[in-house]
Structure formats: structure tokens, C-alpha cells
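# Chain and residue survey
Listed below, chain by chain, are the residues.
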Amino acid sequence: MIYLGCDHGGFALKQTICEYLHKQGVAFTDCGNTILDNEDNFPDFVEPVVKGVVSRADNFGILICGTGIGVSIAANHHHGIRAALVHNVEYARLARQHNNANVLCLGGRFVDTKTALAIVDTFLNTPMDTNPKYQRRMAAACKEL
Ligand code: RB5
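In this text, all values refer to a predicted model and were calculated from it rather than measured experimentally. (Residues numbered from 1 in each chain as written. Predicted model: local features only at pLDDT ≥ 70, side-chain atom pairs only at ≥ 80, totals over all residues. Heavy atoms only, no water.)

### Section: the confidence of the model for the chain
The share of residues in the chain with pLDDT of 70 or more is 100%, and the mean pLDDT across the chain is 97. Per-element confidence in the chain ranges from a low mean pLDDT of 96 for helix α6 (residues 132-141) to a high of 99 for strand β5 (residues 103-107). (pLDDT = per-residue confidence, 0-100. Helix = DSSP H or I, 4+ residues; strand = E, 2+ residues; numbered from the N terminus.)

### Quick look at the pairing of strand β3 (residues 60-65)
Most of β3 sits out of view: 6 of its 6 residues are buried. Neither face of β3 is open: one carries Phe60, Ile62 and Ile64, the other Gly61, Leu63 and Cys65, and all of them are buried. Bridge analysis of β3 against β5 gives 5 bridges, and the strand direction is parallel. Bridging from a neighbouring strand, Gly61 pairs with Val103 of β5. (Buried < 20%, exposed > 50% of the residue type's maximum accessible area, 1.4 Å probe, protein only. Pairing = 2+ DSSP bridges.)

### Overview of the nonpolar core
One finds Ile17, Ile62, Leu104, Leu106 and Phe123 to be the most contacted residues of the largest nonpolar core, which totals 26 residues. Of all elements in the fold, only β1 (2-6), α1 (11-24), β3, α4 (89-97), β5 and α5 (113-125) reach the threshold of two or more residues within this core. Beyond its immediate chain neighbours, meaning those up to four positions away, Leu106 contacts Leu13, Ile17, Ile62, Leu63, Ile64, Cys65, Thr67, Gly68, Leu85, Val86 and Ile119. By size, the runner-up hydrophobic cluster in this structure holds 15 residues, among which are Val46, Leu63, Ala74 and Cys105. (Core = buried A, V, L, I, M, F, W, Y, C linked by side-chain atoms within 4.5 Å. Contact = heavy atoms within 4.5 Å.)

### Section: helix α2 (residues 43-54)
Over its 12 residues, α2 runs 17 Å from end to end, which matches the ideal 16 Å to within 8%, given 1.5 Å per residue. Contacts from the buried residues of α2 go to β1, β3, α3 (69-75) and β5. (Expected span 1.5 Å × (residues − 1).)

### Points about the packing of aromatic side chains
Inspection of the entire model under this criterion finds 1 aromatic pair. Relative to Phe123, the ring of Phe60 lies with its centre 5.5 Å away and its plane at 65°, an arrangement referred to as edge-to-face. You can see Phe60 sitting in strand β3 and its partner Phe123 sitting in helix α5, a full 63 residues away along the chain. On the basis of relative accessibility, which here comes to 0%, the residue Phe123 falls in the buried class. Positioned above the aromatic ring of Phe123, the side-chain terminus of Arg96 is 5.9 Å from the ring centre. (Phe/Tyr/Trp six-rings, centres within 6.5 Å; stacked < 30°, edge-to-face > 60°. Lys NZ or Arg CZ within 6 Å of the ring centre and 35° of its normal.)

### Quick word on the pattern of salt bridges
This structure, assessed with the given rule, holds 4 salt bridges. With its nearest N and O atoms 3.0 Å apart, the salt bridge here joins Lys51 to Glu47. In this pair, Lys51 and Glu47 are both assigned in helix α2, 4 residues apart and thus about one turn of the helix distant. For Lys51, a relative accessible area of 54% gives the class exposed. Linking Glu90 and Arg93 is a salt bridge whose minimum nitrogen-to-oxygen distance equals 2.6 Å. Within this pair, Glu90 and its partner Arg93 are both found in helix α4, separated by 3 residues, close to a single helical turn. With a relative accessible area of 40%, Glu90 lands in the partly exposed category. (Salt bridge = Lys/Arg side-chain N within 4 Å of Asp/Glu carboxyl O.)

Here it is in C-alpha cells:
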């Protein structure tokens, strides 16, 4: 399952991605915001996405705010979340191959629709690289202090 969340800065792009996934027959859960509310706050939409993502090992999340920075900071607070702020398709590929990222963060004000949909496709369809060095590095990166 793919869980999506956004604030006002990511609302338009989140709607576009939901329509795109629907057309592709990909199952997803829209965790809001479901309306454009310029006073909403991105952490409110990170929480339900994070809960959904950690509920199964093969779930993914997509979080969008104006820059993608706020949602990535908020998501990475949570155990089991590996959120990556992605700007292009190459970042998306590497976030999956090298970092096994399970949450894709996008800046709704900084990425065009065509690029964003290509990023989503790449993120959802690229497995982690099986080279043990990547597993080892991510295990160390995610170790609790
Ligand atoms: C909201 O204006 C904006 O600050 C927010 O969407 C996000 O970019 C925060 O990191």
C-alpha cells in the first residue's frame, strides 16, 4: 500500500499523483489534506502516512510540502522510516538502490508534474541494490544512538 500526505504547498501535486496512481490501478491511501487549506500544517499529515508505512515492510509513503524539507524532517523522526527528499529521477533511483528509502518526499513548489510522475514511477519500481555494503551502511545509518 502507498500512503500519501501533503500540506497546502504540496496539495496540487498530491492530487495529480493520486489521479495518476488511480489510472495505473495502483492501490493507495490518501491521508490528506483532502482540501486546499493555506493554514494547514505539514506535521499533521506526516503522522498518518508514517503509521501506514511502518505497518508493513513493503509499504511506501509519498509526502509533499512546499519544499519537501519539512515533511522529510518530520518523517525521519520515526523509527522504521527512511525518508528521502528527491529532486529528479536519478535521486529516486539512488534513494531506493542505496538507501532503501520507504518514503518519497517532494517539494510541490520546485518539481514539475512530468518530473514528479517519473520520480514516483522510479521510486515505486526500483528495488534496493542487493550488494551487502548498502544493507550494512543503512543498518548503521538507522541505528538508535
Ligand atoms: C508552507 O508554506 C511551507 O513552509 C511548507 O509547505 C514546507 O515547505 C515546509 O518545509
